[in-house]
Amino acid sequence: MKRGLITVAGNIKFQMQGFGLSSNLTPEDIRFYLMYWDKIIIPTNNLIHFGIPDEEDLISSKALWRPRTNHVGSFSGHEVGEAIIKGQSEIAELMLKDSKTDWVVHQTGNQIFLPKETSKYNNTIRVDLSGALPVPNKDANINEILEFKERRSSELEALHSTLDDLYKEVLTSPDPSLEAKSVFSRLNKEIQALEKVSGEKYKKTSKFDLSVELNLNGKDIAMAGASGAAIDFLSNGFTMPIATTLAAIGACVKISGKSTNTFSAADERLKLGYISKASEVGLVQ
């Protein structure tokens, strides 16, 4: 199955008046999306258009689609920011009906902001993978990354599959013994392998953090309780976070639980949304 990302053209921030775009996407952000997802959607609108790095090359390679959403009326200040996240939700509602692609909503920063009319509060488990995913630096050619992905598709698919398995393990057994599970050993090996082949191709790579919010429904809570996890969302949430280090790659996995705003159209899916940012690890040779 293809994997798709529906994101926005910058870092959304909530301010006193409402939402705003605090910074634009960087070339590293674009290379991160391109490296780990097959299809990228970044909506634009009739109010304001934010260009992104390498936009024309990405569109011509069919790796990027920039659908335009239309908003009626006069808009100013924070209302433009609200229109951006509404446009993202509008496109996401359409794309999540596609059974051939695993689409997920994404934003950069520390959390996902969503319009009230297309979201609701849900109990979730959040998995933070810090300083783990290698990404070619800003000078890497877009077409070369696409060629690299094609040659190394087996390594990339193995990583995605193991991450999906990790998320399922976390839902069914979010306890301190998780680090002893075989999925962590697989994740270590697969990221190591990807780092090696990336290093052979690119002189410099950066590291990215990736967080995913997992859908914790009533059945999942019962499963987690049966495994010994202490869950009390009505008062203090999880007794976690649990943190474990992927020693071979110098990365960290942290697991926590909370009630947060989630995209309503994704209610039946394992992954409610992705959050990413460049890791403080910075550039590695």
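Read on for a plain summary of the structure. Here the structure is a predicted model, which is why all the values come from computation and not from measurement.

1. Quick look at the overall build of the protein
- Looking only at helices and strands, one finds seven helices and 15 strands in the protein.
- Residue burial in the protein is summarised as follows: out of 285 residues, 53% are buried.
- In the protein, of all internal contacts separated by at least 6 residues, the share reaching a separation of at least 24 is 80%.
- When the accessible surface of the protein is summed, it comes to about 13,400 Å², and 49% of that surface belongs to carbon and sulfur atoms.

2. Structural notes on the packing of aromatic side chains
- The full count for this structure, using the stated rule, is six aromatic pairs.
- Taking 5.5 Å as the distance between ring centres and 85° as the angle between the ring planes, the aromatic pair formed by Phe32 and Trp37 counts as edge-to-face. Each member of the pair Phe32 and Trp37 is classed as buried.
- When the ring of Phe148 is compared with that of Tyr202, the centres are 5.7 Å apart and the planes differ by 65°; the resulting orientation is edge-to-face. With Phe148 in helix α4 (residues 142-151) and Tyr202 in the loop between α6 (182-201) and β10 (205-215), this residue pair connects regions lying 54 residues apart in the sequence.
- Residue Tyr202 is classed as buried on the basis of its relative accessible area, which comes to 7%.
- What links up through ring pairs into an aromatic cluster is the set Phe32, Tyr33, Tyr36, Trp37, Phe208 and Tyr274.

3. Things to note about the pairing of strand β1 (residues 2-6)
- Across the five residues of β1, four count as buried, placing the element largely inside the fold.
- Pairing geometry for β1 and strand β8 (residues 101-108), over five bridges, is parallel. Note that in β8 the partner of Leu5 across the bridge is Val104.
- Here three bridges tie β1 to strand β4 (residues 39-41), and the two strands are oriented parallel to one another. Paired with Ile6 across the strands is Ile41, a residue of β4.

4. Focus: unusual backbone geometry
- Phi at Asp54 is positive, roughly 60°, even though this residue is not glycine.
- Residue position: Asp54 is located in the loop between β5 (44-45) and α2 (55-60).

5. Focus on the nonpolar core
- Judged by nonpolar contacts, the single largest core of 50 residues is most densely connected at Phe32, Tyr36 and Leu133.
- Among the elements of the structure, α1 (27-36), β9 (119-136), α4, α5 (153-172), α6, β10 and β14 (251-263) are those that each provide at least two residues to this core.
- With seven residues, the single largest contributor to this core is α5.
- With sequence-adjacent residues up to four places away left out, Leu133 is seen in contact with Phe32, Tyr36, Leu159, Ile191, Ser206, Lys207, Phe208 and Leu210.
- Counting residues in each nonpolar core, the second largest holds 14 residues, with Ile41, Val105, Leu114 and Ala266 among its members.

6. Re the environment of Thr260
- Locating Thr260 in the fold gives a position in strand β14.
- Aside from chain neighbours lying at most four places away, what touches Thr260 is Lys120, Tyr121, Asn122, Thr124 and Glu213.

7. Observations regarding the packing of α1 against α4
- Two numbers describe how α1 lies on α4: the axes approach to 9 Å, and their chain directions differ by 25°. The pairing of α1 with α4 is recorded here as roughly parallel in orientation. Crossing geometry of α1 relative to α4 is assigned as right-handed. Where α1 abuts α4, its residues Arg31, Leu34 and Met35 lie against Ile142, Ile145, Leu146, Phe148 and Lys149.
- Across the contact of α1 with α4, the residue classes break down as six nonpolar, no polar and two charged.

8. Things to note about the pattern of salt bridges
- Summed over the entire model, instances satisfying the criterion amount to 14 salt bridges.
- A single salt-bridge network, built from bridges that share partners, covers Arg3, Asp102, Glu157, Asp164, Arg269 and Lys271.

9. Points about α5
- For α5, with 20 residues, the first-to-last C-alpha span of 29 Å sits near the 28 Å given by 1.5 Å per residue.
- When we look at burial in α5, the residues that qualify are Glu155, Leu156, Leu159, His160, Thr162, Leu163, Asp164, Leu166, Tyr167, Val170 and Leu171.

The rules we used
Residues numbered from 1 in each chain as written. Predicted model: local features only at pLDDT ≥ 70, side-chain atom pairs only at ≥ 80, totals over all residues. Heavy atoms only, no water. Helix = DSSP H or I, 4+ residues; strand = E, 2+ residues; numbered from the N terminus. Buried < 20%, exposed > 50% of the residue type's maximum accessible area, 1.4 Å probe, protein only. Contact = heavy atoms within 4.5 Å. Areas by Shrake-Rupley, 256 points an atom, 1.4 Å probe, with all protein chains shown as cover. Phe/Tyr/Trp six-rings, centres within 6.5 Å; stacked < 30°, edge-to-face > 60°. Pairing = 2+ DSSP bridges. Core = buried A, V, L, I, M, F, W, Y, C linked by side-chain atoms within 4.5 Å. Axes fitted to C-alpha atoms, helices over the stretch in contact; angles between N-to-C directions. Parallel < 35°, antiparallel > 145°, perpendicular 65-115°, else oblique. Left-handed = near helix turned anticlockwise from the far one by under 90°. Nonpolar A, V, L, I, M, F, W, Y, C, P; charged D, E, K, R; others polar. Salt bridge = Lys/Arg side-chain N within 4 Å of Asp/Glu carboxyl O. Expected span 1.5 Å × (residues − 1).

Any functional reading would require information that these geometric values do not contain.
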